Amino acid sequence: MAIEQKNLGQAAFTKNALAFYDWFVLKMTCRYVWRCPNEDVLAFYQQHLTGNHLEVGVGTGYFLDHSVFPVSRPRVGLLDLNANCLERTATRIARHTPEIYQASVLDPIELNAPRFDSIGLNYVLHCLPGAFPEKGIVFAHLKALLNPGGVIFGSTVLGGGIQTNPLASVFLRFFNARQILCNQEDVHIGLVLALEQHLKDVRVEMRGAVALFSGRV
């Protein structure tokens, strides 16, 4: 897979774009277009978040910032290909002294660090090139970073096989045409099968156009 193709989705996360991300994407688009308010994602976080956590595709760190860890001094890792996202999130959650890793989930990952008990993959899959099962390779790469019994959880916007409102259809066409999203062929069963290929105890819940998913090693 060409480096340029890998970078198309994450390249949209410039410093200027990140300044508006929480408001435009999380507070407006997720609630009114994808019909999945942040409260639903945060509740899902609280079900799976551990005190030894790696966040992958960190965005602005909104969900980490608003989550309550089950321990007073959690170990938090941040992994992303985009240096802007890593910098912004690390600053936002500096109170947790996060470990910083710059890498692509589309490649095998070696961190030379202790493994984690939970990995968050929030609003990442729909930005990755290709469709399931191709992009499902990320679950193989990430589960190698987990301790036995660890959990991978997250969310993704599906682009096929779902009922969408007119505005969501416009957003899907617009952002897929510009390759900011790559999810026109992402369907519920494709996500489930990709998860089950690499993980066990797989669960997928729908909130509007958003799939909340989890699986364990």
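Preceding this paragraph is the structure being described.
So, how was this worked out
- Residues numbered from 1 in each chain as written.
- Predicted model: local features only at pLDDT ≥ 70, side-chain atom pairs only at ≥ 80, totals over all residues.
- Heavy atoms only, no water.
- Buried < 20%, exposed > 50% of the residue type's maximum accessible area, 1.4 Å probe, protein only.
- Helix = DSSP H or I, 4+ residues; strand = E, 2+ residues; numbered from the N terminus.
- Pairing = 2+ DSSP bridges.
- Right-handed = clockwise from strand over helix to strand, strands pointing away.
- Contact = heavy atoms within 4.5 Å.
- Axes fitted to C-alpha atoms, helices over the stretch in contact; angles between N-to-C directions.
- Parallel < 35°, antiparallel > 145°, perpendicular 65-115°, else oblique.

Student: Tell me about the pairing of strand β4 (residues 116-122), and name the residues and values.
Tutor: Buried residues dominate β4, accounting for six of its seven residues. As defined by bridge partners, strand β1 (residues 52-56) adjoins β4 across four bridges and the pair is classed as parallel. Its bridge partner lying in β4, E55 is registered against G120. With helix α6 (residues 137-143) bridging β4 and the parallel strand β5 (residues 146-157), this β-α-β connection has right-handed handedness.

Student: Summarise the side chain of S214; cite the residues concerned and give the values.
Tutor: Structurally, S214 is set in strand β7 (residues 210-216). In this structure S214 comes out as buried when scored by relative accessible area, which is 5%. With sequence-adjacent residues up to four places away left out, S214 is seen in contact with F44, H48, V151, I152, F153, D201, V202 and R203.

Student: Tell me what's going on with helix α8 (residues 188-198), and back it up with residues and numbers.
Tutor: Within α8, the full set of buried residues consists of G190, L191, V192, A194, L195 and H198. Summarising the contacts, the buried residues of α8 are in contact with α6, β5, β6 (200-207) and β7.

Student: Describe in detail the packing of helix α2 (residues 15-33) against helix α7 (residues 166-177), supporting the description with residues and values.
Tutor: Close contact between α2 and α7 brings their axes to 9 Å; oriented N to C, the two are set at 130°. The angle between α2 and α7 places the two elements in the oblique class. Residue-level inspection shows F24, T29 and V33 of α2 in contact with α7, the latter providing L167, A168 and F171.

In short, the description is geometric, and any link to function would need to be established separately.
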